[in-house]
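Notes for the structure review
For reference, the chains in residue letters:
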Amino acid sequence: TSQVTTMRTMFQNCSNLINLDVSNWDTRQVTDVSHMFFGCTNLTTLTLENVTSLDVYSFNNCRGLTQINLPKGLTSLDSSFVNCSEVVNLYLPSSLRSSNNAFLNMTKLENVYYNGTFNDWLNIFFTSFESNPMAYAKNLYVLDNENNYVLVENINIPSNIDTIGSYQLAGLNVQEVVIPNTVTY
């Protein structure tokens, strides 16, 4: 697989596919995974490695997925998990920098585990409310100084953050938010 550049529609509508491990594939040259798992409605387990972006409808209608673990190094999502309505737990890497409508209709999402700090979370560009998984999730967990997941219950934006982008705080189930007057929106 080291020479492959596109995996577009590779498993599209493989509705009987349940488990797939592509972690040993060399996908460093792959630039297009759009529609790769579109319509794999029974896919319950998927292991990904060496992926930097998930394109349009990569996992659209994968209603069998209940947990998604996205790999380190992933930087962008574009309508990647539309209608993955059974996902309960979502693990996002700290390398994620942009999300465009990636989580539309992820209606059973309970928990987002972000493998970075809350300050790192503020560096993600969400293009819309549904681009932020917190549009659906109840809980956001981030890493503390000892690399343990902690629930975000209160937000205290540090003074070294000067800008908060659109939708970065959207949907957060918090009790208190403190934003210094130096921050712009």
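Residues numbered from 1 in each chain as written. Predicted model: local features only at pLDDT ≥ 70, side-chain atom pairs only at ≥ 80, totals over all residues. Heavy atoms only, no water.

1. Details of the sheet that holds strand β5 (residues 76-78)
Strand pairs in the sheet, formed through backbone hydrogen bonds, run parallel or antiparallel to each other. Going by this rule: A pair of strands is considered paired only if DSSP assigns at least 2 bridges between the two. Working definition: helices are DSSP H or I runs of at least four residues, strands are E runs of at least two. Numbering for both runs from the N terminus.
Judged by pairing direction, the sheet is parallel, and its 4 strands sit side by side in the order β3-β5-β7-β9 without closing on themselves. Single-partner strands in this sheet number two, and they are β3 (53-54) and β9 (125-126). As paired elements, β5 and strand β7 (residues 98-100) share 3 bridges and run parallel to each other. Bridging from a neighbouring strand, Leu-77 pairs with Ser-99 of β7.

2. As for the side chain of Asn-139
Heads up, the condition is: Counting of polar contacts relies on pairs of N or O atoms within 3.5 Å, with two restrictions inside protein: one atom must be capable of donating a hydrogen and the other of accepting it, and residues adjacent in sequence are counted only when both atoms are side-chain atoms.
Structurally, Asn-139 can be placed in strand β10 (residues 139-143). Side chain to side chain, Asn-139 and Asn-111 meet in a polar contact 2.9 Å long.

3. Side note on empty space enclosed by the protein
As a reminder, the rule being used: A pocket, in this scheme, is an open set of points on a 1 Å grid over the protein atoms alone with protein on both sides within 12 Å along at least 5 of 7 lines, while a cavity is a set where a 1.4 Å probe fits but cannot get out; residues line either one if an atom lies within 4 Å of a point. Grid points are joined across faces, edges and corners, and a volume is the space filled by probe spheres set on the points. All residues other than Ala, Val, Leu, Ile, Met, Phe, Trp, Tyr, Cys, Pro, Asp, Glu, Lys and Arg, Gly among them, are scored as polar; the first ten of these are nonpolar and the last four charged.
Going through the model one piece at a time under the given rule, you end up with 1 cavity of 30 Å³ or more. Estimates place the volume of the largest cavity at around 30 Å³. Every residue lining the largest cavity is listed: Met-134, Lys-138, Asn-139, Leu-140, Leu-151, Val-152, Leu-172, Asn-173 and Val-174. For the lining of the largest cavity, a count of residues per class yields 6 nonpolar, 2 polar and 1 charged.

4. Structural notes on the sheet that holds β10
As a reminder of what qualifies: The angle between two axes is taken between their N-to-C directions and runs from 0 to 180 degrees, where each axis is a line fitted to C-alpha atoms and a helix contributes only its stretch in contact.
Sheet architecture is open: 5 strands sit in the order β4-β6-β8-β10-β11, paired in mixed fashion. Two strands close off the open sheet at either side, each with one partner strand: β4 (67-69) and β11 (149-151). For this sheet, the mean angle separating the axes of adjacent strands, direction not counted, is 20 degrees.

5. A look at the nonpolar core
Nonpolar side chains tend toward joint burial in soluble globular proteins. Convention followed: Working definition of a nonpolar core: buried Ala, Val, Leu, Ile, Met, Phe, Trp, Tyr and Cys residues. They are joined through side-chain atoms within 4.5 Å. Throughout, exposure labels follow a simple rule: accessible area from a 1.4 Å probe, protein chains only, divided by the maximum for the residue type, with under 20% read as buried, over 50% as exposed, and the rest as partly exposed. Any pair of residues with heavy atoms lying within 4.5 Å of one another is described as a contacting pair.
In this structure, Phe-37, Leu-54, Phe-59, Phe-81, Phe-118, Trp-121 and Leu-140 are the most contacted members of the largest nonpolar core, which totals 50 residues. Among the elements of the structure, β6 (89-93), β8 (111-115), α1 (118-121) and β10 are those that each provide at least two residues to this core. In this structure Phe-81 touches Leu-54, Phe-59, Ile-68, Leu-70, Ala-102, Phe-103, Leu-104 and Met-106, once residues within four positions along its chain are discounted.

6. Considerations on the pairing of β6
Burial within β6 is extensive, with 4 of its 5 residues counted as buried. Across 5 bridges, β6 lies against β8 in parallel orientation. Bridge pairing in β8 places Pro-93 opposite Asn-115.

7. Some remarks on the state of the cysteines
Here is the rule we go by: Any two cysteine sulfur atoms within 2.5 Å of one another count as a disulfide.
Scanning the entire structure with this criterion turns up 0 disulfides. Free cysteine Cys-62: the closest other cysteine sulfur is in Cys-84, separated by 5.0 Å.

8. Describing the pairing of β10
Of all 5 residues in β10, 5 are buried, a share of seventy percent or more. Sheet analysis places β10 next to β11, joined by 3 bridges and oriented antiparallel. Looking at the pairing, Leu-143 lines up with Tyr-149 of β11. Between the antiparallel neighbours β10 and β11 lie 5 residues, among them Asn-147 with a positive phi of about 60 degrees.

9. Structural notes on the layout of surface pockets
When its volume is computed, the largest pocket comes out at roughly 240 Å³. Lining the largest pocket we find 21 residues, and of these Thr-27, Val-30, Val-33, Asn-50 and Val-51 sit closest to its centre. Looking at the lining of the largest pocket residue by residue, the class counts come to 11 nonpolar, 6 polar and 4 charged.

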